[in-house]
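Breakdown of the fold
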Amino acid sequence: MATKDRNFIEVVITINNEGKEVASKLYRQQYFFVAQTPVFMKNYGLRGESFTISYGAISRHFGKDPDHNLSKEIWEQLPTAITNPFAITEYYREIEHEHLQGYRIYTSIQLGEGYVVVGVDVKVAGRNLLVNSITTVFGKTGRITEFEVEIYRNEKINPQQAALLKRPNSSQYPSIGDSNCKDKENS
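Below you will find a few notes about this structure. (Residues numbered from 1 in each chain as written. Predicted model: local features only at pLDDT ≥ 70, side-chain atom pairs only at ≥ 80, totals over all residues. Heavy atoms only, no water.)

Some points on the pattern of salt bridges
Summed over the entire model, instances satisfying the criterion amount to four salt bridges. Among the ionic pairs, Glu148 bridges to Arg104, the shortest N-O distance being 3.3 Å. Remark: Arg104 occurs in strand β4 (residues 100-111) and Glu148 occurs in strand β7 (residues 148-153); sequence separation between them is 44 residues. Side by side, Glu148 and Arg104 carry an identical accessibility label, which is buried. Its salt-bridge partner being Glu150, residue Arg153 comes within 2.8 Å of it at the nearest N-O pair. Take Arg153: its relative accessible area is 37%, and that puts it in the partly exposed class. A relative accessible area of 30% means that Glu150 is categorised as partly exposed. (Salt bridge = Lys/Arg side-chain N within 4 Å of Asp/Glu carboxyl O. Helix = DSSP H or I, 4+ residues; strand = E, 2+ residues; numbered from the N terminus. Buried < 20%, exposed > 50% of the residue type's maximum accessible area, 1.4 Å probe, protein only.)

Right, dumping it as structure tokens:
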């Protein structure tokens, strides 16, 4: 169950100011409430009652690379941004889209030339309680990967957001060998 009395922003501040070692002692194995799930998202498969994030998901990706280097201000915008995305995709393990791995929520939070994307898995948190567990938060430029299928698009998106949702050019042609290995992200 997610902890509502402790805010996930406290975790971000602690990691940033005092390091992962101190933060781990305070927050290890804890989950934090981020936002209630809007009704419309439940119709797209995000059936959890709320969005939660674990200390491990924050810590593991914090400063991992430039795409995961998010400011406190970006983290503070996350609760509103994930409930008002410009797009949602299903994310699969393979290009054939046979095994659903989770979802990606495309937020309107700008980061450099791209937008902040939230990776989400629907998990059982207890008896008859589903949560939308945030697995990663990162900045995304370029186009969606071949491992994604768009399932929701807001009617009011800008040209930059629409460009991000275009299929990769390589999906228009049959692939030879494993030329798509760069598209398979473990974010």
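That covers the picture; the talk isn't over yet.
Thoughts on the pairing of strand β5 (residues 114-126)
Looking at chain direction, β4 and β5 are connected through six bridges and run antiparallel. For Arg104, the partnering residue across the bridge sits in β5 and is Gly119. Linking β4 back to β5 in an antiparallel pair, the connection comprises two residues, with Gly112 at a positive phi of about 60 degrees. Relative to strand β6 (residues 129-140), β5 runs antiparallel, the two being bridged by 11 bridges. The partner of Gly119 across the bridge, within β6, is Thr136. Hairpin geometry of β5 and β6 is characterised by an intervening segment of two residues between the two adjacent antiparallel strands and by a positive phi of about 55 degrees at Asn128. (Pairing = 2+ DSSP bridges.)

Any functional reading would require information that these geometric values do not contain.
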